[in-house]
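Breakdown of the fold
Read off the chains here:
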Amino acid sequence: LAPSTYKRYCRMLETRILPYFGHFYINKIKPTDIMQFYDLLSRDTQLVRKKGNNGKKTLKPLSGKTILEHHRLLRAMLHKAVYWQLIISNPAERVQPPKARKPKRRYYDDEQCKILLQNLSSLGEDQIKYKVAIILTVFTGVRLGELMGLEWQDVDFKNGIISINRSSQYLSDMGVFTKVPKTESSIREIAIPDFIISLLEE
């Protein structure tokens, strides 16, 4: 697992899965117990920081996606228990997985991108790295981790191509670390305009 995924799974275990299932004998967990757990999660809340609220923490219901992540982790753990012959069957397989709505993506339209790029000209020479990072993101659509994972060897100045080979992330207990991109298809080559090549050379 990627370190960020591992940390997220540990947090899910510690905060919800173990407090609910920790007192069960593993062979006594029934599909109805898991259904009740998901029902509890649908009414659960988590502390999140909302913008425009002076940084105060406010309560927000768990999303369907978060509940589905708990289902996948629980199912995988019980599947391993079947493989190790600790239980005969996986009770999570007999439970309808929670439905998760695909979140509506927020993005800049053409006019907003135009305004953003125009305002980048106000940045000083000592801030060129921020200017290049934003322009690269707009013209390539790379993820933040992919952008931060770029090295000079990934830039083909002659042919105007950037290669995405790694992702760089940060965790408070690990610092900055590099890993392979999110999926196999994430390893790719992207053509970039000449003016971005000039910016990178600068």
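Refer to the structure above for everything that follows.
The structure reproduced in this document is the subject of the present report. (Residues numbered from 1 in each chain as written. Predicted model: local features only at pLDDT ≥ 70, side-chain atom pairs only at ≥ 80, totals over all residues. Heavy atoms only, no water.)

Describing the overall build of the chain
- Along its length, the chain carries 7 helices and 7 strands.
- Walking the chain from its N terminus toward its C terminus, one meets helices and strands in the order α-α-β-β-α-α-α-α-β-β-β-β-β-α.
- For the chain, whose C-alpha radius of gyration is 23 Å, the value lies well above the compact-globule estimate of 17 Å for 202 residues.
- Expressed as lengths along the three principal axes of its C-alpha atoms, the size of the chain is roughly 65 × 40 × 30 Å.
- Residues classed as buried in the chain amount to 30% of the 202 residues present.
- Sequence-distant contacts in the chain: of pairs separated by 6 or more residues, those separated by 24 or more amount to 50%. (Helix = DSSP H or I, 4+ residues; strand = E, 2+ residues; numbered from the N terminus. Rg over C-alpha atoms; globule rule 2.2 N^0.38 Å. Buried < 20%, exposed > 50% of the residue type's maximum accessible area, 1.4 Å probe, protein only. Contact = heavy atoms within 4.5 Å.)

Some remarks on the packing of helix α5 (residues 128-140) against helix α7 (residues 194-201)
- Put simply, α5 and α7 touch, their axes get as near as 10 Å, and they point 155 degrees apart. Our classification of the angle between α5 and α7 gives roughly antiparallel. For the crossing formed where α5 meets α7, the hand is left-handed. Contact residues: Lys131, Val132, Ile135, Leu136 and Phe139 in α5; Phe195, Ile196, Leu199 and Leu200 in α7.
- Tallied by class, residues from the contact of α5 with α7 come to 8 nonpolar, no polar and 1 charged. (Axes fitted to C-alpha atoms, helices over the stretch in contact; angles between N-to-C directions. Parallel < 35°, antiparallel > 145°, perpendicular 65-115°, else oblique. Left-handed = near helix turned anticlockwise from the far one by under 90°. Nonpolar A, V, L, I, M, F, W, Y, C, P; charged D, E, K, R; others polar.)

Thoughts on the sheet that holds strand β7 (residues 188-191)
- Pairing in this open sheet of 3 strands is antiparallel, and the strands run β3-β4-β7 from one edge to the other. Both edges of this open sheet fall to β3 (155-156) and β7, since each of them pairs with a single strand only.
- Relative to strand β4 (residues 161-164), β3 runs antiparallel, the two sharing 2 bridges. By the bridge assignment for β4, Asp156 is matched with Ile161. (Pairing = 2+ DSSP bridges.)

Side note on the packing of aromatic side chains
- The final tally for this structure, using the stated rule, is 8 aromatic pairs.
- When the ring of Phe21 is compared with that of Phe37, the centres are 5.1 Å apart and the planes differ by 65 degrees; the resulting orientation is edge-to-face. Here Phe21, found in helix α1 (residues 3-21), pairs with Phe37, found in helix α2 (residues 31-43); they are 16 residues apart in sequence, far enough to count as distant. The same class applies to Phe21 and to Phe37, which are both buried.
- Among the aromatic residues, those joined into a cluster by ring pairs are Tyr20, Phe21, Phe24, Phe37 and Tyr38. (Phe/Tyr/Trp six-rings, centres within 6.5 Å; stacked < 30°, edge-to-face > 60°.)

Focus: the nonpolar core
- One finds Phe21, Ile34, Phe37, Tyr38 and Leu74 to be the most contacted residues of the largest nonpolar core, which totals 18 residues.
- Put simply, the parts of the chain that give this core at least two residues each are α1, α2 and α3 (64-83).
- At 5 residues, the largest contribution of residues to this core is made by α3.
- Once residues within four sequence positions are removed from consideration, Phe37 is found in contact with Arg16, Ile17, Tyr20, Phe21, His70 and Leu74.
- Within the second largest apolar cluster, 15 residues are counted, among which are Ile162, Ile192, Ile196 and Leu200. (Core = buried A, V, L, I, M, F, W, Y, C linked by side-chain atoms within 4.5 Å.)

What about α3?
- If you check α3, its first and last C-alpha atoms are 28 Å apart, about what 20 residues at 1.5 Å a residue would give, namely 28 Å.
- When α3 is considered as a whole, its buried residues turn out to be Thr66, Ile67, Leu68, Glu69, His70, His71, Leu73, Leu74, Leu78 and Ala81.
- Packing partners of the buried residues in α3 comprise α1 and α2.
- Gln85 lies just past α3 and shows a positive phi near 60 degrees. (Expected span 1.5 Å × (residues − 1).)

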